[in-house]
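Take a look at the letters that make up each chain.
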Amino acid sequence: MSEELNRERQELTGLAQRFGLPQTVSGDPFPPSQEGAPLIIDTDAGGDPDDAIALVAAAAEPTLTMVSTVDELGGRRARFVRHLLDLLGREDVRVVAGADLGDRRMDCIAGLVPDSVEPQRTDLADAVAEVVKSTDGLVRWVGMGPATNLAALLTENPSLAERLVVTQMGGALNYRDPERAEHNFRLDPAAANTLLTKGKLPKLVLSDTTFTPELEITKDSELHRRLATAEHAWAKLVTAHMAQWFDRFHPGTIQHDGLTLAAGLQLPYVALRRERVVLDDIGRMTTAPDGNLARISVKADHRAFLAWLTRRLDTALEETR
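Residues numbered from 1 in each chain as written. Predicted model: local features only at pLDDT ≥ 70, side-chain atom pairs only at ≥ 80, totals over all residues. Heavy atoms only, no water.

Participant: Could you clarify how one ought to interpret the overall build of the protein in this entry?
Facilitator: Across its full length, the protein carries twelve helices and eleven strands. Each of the 321 residues in the protein was classed as buried or not, and the buried ones make up 55%. Of the contacts made within the protein by residues no fewer than 6 positions apart, 78% connect residues no fewer than 24 positions apart. On the protein, roughly 13,900 Å² of surface is accessible, and the fraction owed to carbon and sulfur atoms is 49%. (Helix = DSSP H or I, 4+ residues; strand = E, 2+ residues; numbered from the N terminus. Buried < 20%, exposed > 50% of the residue type's maximum accessible area, 1.4 Å probe, protein only. Contact = heavy atoms within 4.5 Å. Areas by Shrake-Rupley, 256 points an atom, 1.4 Å probe, with all protein chains shown as cover.)

In C-alpha cells:
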C-alpha cells in the first residue's frame, strides 16, 4: 500500500510541475502559474451565446493567440468568430474552422455576418503546431464545445499532450437528465473519451457546477440591457445573436463557457479536485478507481465570477468606443 501511495504522490507532484498547477502534496515549491502562456480557445460559437460572451472576455487577454471552431456550420461559425474578434480589435488572433459534425440545429447567427468576411483557414493541425512552436513552454487550450478537434489533434500527435494544458467545459456526474450525457460530451462521446485517455490531467468544468440560474443572462438582466443599449458594433452583434437564441431556444443563456474560461485562466472562481472518471458509450460520466485522472469542478463562486465577467464586458465597451 505504501508503495502505491508513493507512486501516486510522485505522479501528482510530476503533473503539478509539468502543468503549472498548485501542488496538493508536500515536497517541492509551488510551481509557477501559466500566466503568459499562449491561449487557444476551441468553441462552437454561434449557438448558445455564452460562447460569444466568453470570447469578448477572452479578447482582453493579450495571450489569446488562436480560436478554432467545432461543430461547424459549413464554416459559418468561424466567420462569425472572425467578425466578432475584428470588431473587438483583435485582428491579430488567427481563426480556424474545425470539425463539422453535420448538426445544423444550433444556428443562431443567421444573417449576422457580412459577406465581406471571408472563409477562414481549415488546417487545424498546422495552425496549432504554429502556436506550439512559438513558445518553449506550455500552451493553454480552453474547450467550449465538443472535444472533437482536440481528440483529433491528440490522436494524430500524442506528444501534444505534454504541451497543452487543457480546460474543457463538459461532463457531469449528476446530469439533470440521467438518460443523457452533458451536451458537449453527448455530441461526440468518442472524442470526450479520447480527451480523458490521451490528455494529461485535463481540467473539466462540469455541468454540475455551471448549470445554475445564478449564471443566467436574460432579456431583463442588467448586463443584457447594458449591451443592448450600447452603440458598439460588437455589442450590437452579440445582442442580435442573443435575440435569435432567445427566440428559438431559451429565454436566457447560462454562462457555462465564461466560467470555463475563468478556470482556464487560473482565476480563483472554480474549485477543482482530482478524481478518476470514466465515460460510458453515450458520454455519461462516473467515478471509478481505475478511471482516468482529471481535475473536475466541485463548486464555484458564481457571484464573484459574474462580477469579473461584467468588468471584462464593461472594459470592452470602454476600449472599443
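Participant: Looking at this structure, I do not really get helix H10 (residues 233–248). What am I missing?
Facilitator: Note on helix geometry: an α-helix contains 3.6 residues per turn, so any two residues three or four positions apart are oriented the same way. For H10, with 16 residues, the first-to-last C-alpha span of 23 Å sits near the 22 Å given by 1.5 Å per residue. All buried positions along H10 are accounted for by Trp 234, Ala 235, Leu 237, Val 238, Thr 239, His 241, Met 242, Gln 244, Trp 245 and Phe 246. Buried residues belonging to H10 abut helix H2 (50–58), helix H3 (76–87), strand E7 (216–218), helix H9 (222–228), strand E8 (252–254) and helix H12 (302–319). (Expected span 1.5 Å × (residues − 1).)

Participant: Mind showing me how you'd approach the pairing of strand E5 (residues 164–169) here?
Facilitator: A regular strand places its side chains so that they alternate between the two faces of the sheet. Across the six residues that make up E5, a large majority, six, are buried. Burial of the side chains of E5 extends over both faces: Leu 164, Val 166 and Gln 168 are buried on one face and Val 165, Thr 167 and Met 169 on the other. Where strand E4 (residues 139–143) meets E5, five bridges bridge the pair, whose relative direction is parallel. Of the residues in E5, the one forming a bridge with Trp 141 is Val 166. Note that the unit made of E4, helix H5 (residues 148–156) and E5 has a crossover that is right-handed. Here three bridges tie E5 to strand E6 (residues 203–205), and the two strands are oriented parallel to one another. (Pairing = 2+ DSSP bridges. Right-handed = clockwise from strand over helix to strand, strands pointing away.)

Participant: Hey, could you run me through the side chain of Asp 50 in this one?
Facilitator: By secondary structure assignment, the location of Asp 50 is in helix H2. Put simply, Asp 50 is tucked away with no salt bridge, and the nearest opposite charge, on Arg 77, sits 9.3 Å away. At 3.1 Å, the side chain of Asp 50 forms a polar contact with the backbone nitrogen of Asp 257. (Lys, Arg positive; Asp, Glu negative; His and termini not counted. Salt bridge = Lys/Arg side-chain N within 4 Å of Asp/Glu carboxyl O. Polar contact = N/O pair within 3.5 Å; in protein donor to acceptor, adjacent residues only side chain to side chain.)

Participant: Which parts of the structure should I look at to understand the packing of helix H4 (residues 124–133) against H5?
Facilitator: Two measures define how a pair of helices packs: the angle their axes make with one another and the distance between the axes. Two elements in contact, H4 and H5, have axes separated by 11 Å at closest approach and are oriented at 75°. It follows from the interaxial angle that H4 and H5 lie roughly perpendicular. Only Asn 149, Leu 153 and Glu 156 of H5 make contact with H4, whose side of the interface consists of Leu 124, Ala 125 and Val 128. Here the contact of H4 with H5 is composed, by residue class, of four nonpolar, one polar and one charged. (Axes fitted to C-alpha atoms, helices over the stretch in contact; angles between N-to-C directions. Parallel < 35°, antiparallel > 145°, perpendicular 65-115°, else oblique. Nonpolar A, V, L, I, M, F, W, Y, C, P; charged D, E, K, R; others polar.)

Participant: Explain the packing of aromatic side chains here, please?
Facilitator: Counting across every chain of the model gives four aromatic pairs. Both rings, one in Tyr 269 and one in Trp 308, keep their centres 6.3 Å apart while their planes meet at 45°; by these two values the pair is tilted. In this pair, Tyr 269 is assigned in the loop between helix H11 (256–264) and strand E9 (270–279) and Trp 308 in helix H12, connecting sequence segments 39 residues apart. Looking at Tyr 269, the relative accessible area reads 12%, which means it is buried. Through a chain of ring-to-ring contacts, three or more aromatic side chains come together here, namely Tyr 269, Phe 305 and Trp 308. Between Arg 176 and the ring centre of Phe 211, over which it is positioned, the NZ or CZ distance is 3.8 Å. (Phe/Tyr/Trp six-rings, centres within 6.5 Å; stacked < 30°, edge-to-face > 60°. Lys NZ or Arg CZ within 6 Å of the ring centre and 35° of its normal.)

Participant: Is there a simple way to explain the pattern of salt bridges in this structure?
Facilitator: When the charged atoms of two side chains with opposite charge come close together, those side chains can pair. Scanning the model with the defined rule gives 17 salt bridges in all. A salt bridge links Arg 226 to Glu 222; its shortest N-O distance comes to 3.7 Å. With a gap of four residues between them, Arg 226 and Glu 222 both fall in helix H9, about one helical turn apart. Across the salt bridge formed by Asp 280 and Arg 284, the nearest N and O atoms sit 2.6 Å from each other. Residues joined in a network through salt bridges with shared partners are Arg 94, Arg 121, Asp 123 and Glu 130.

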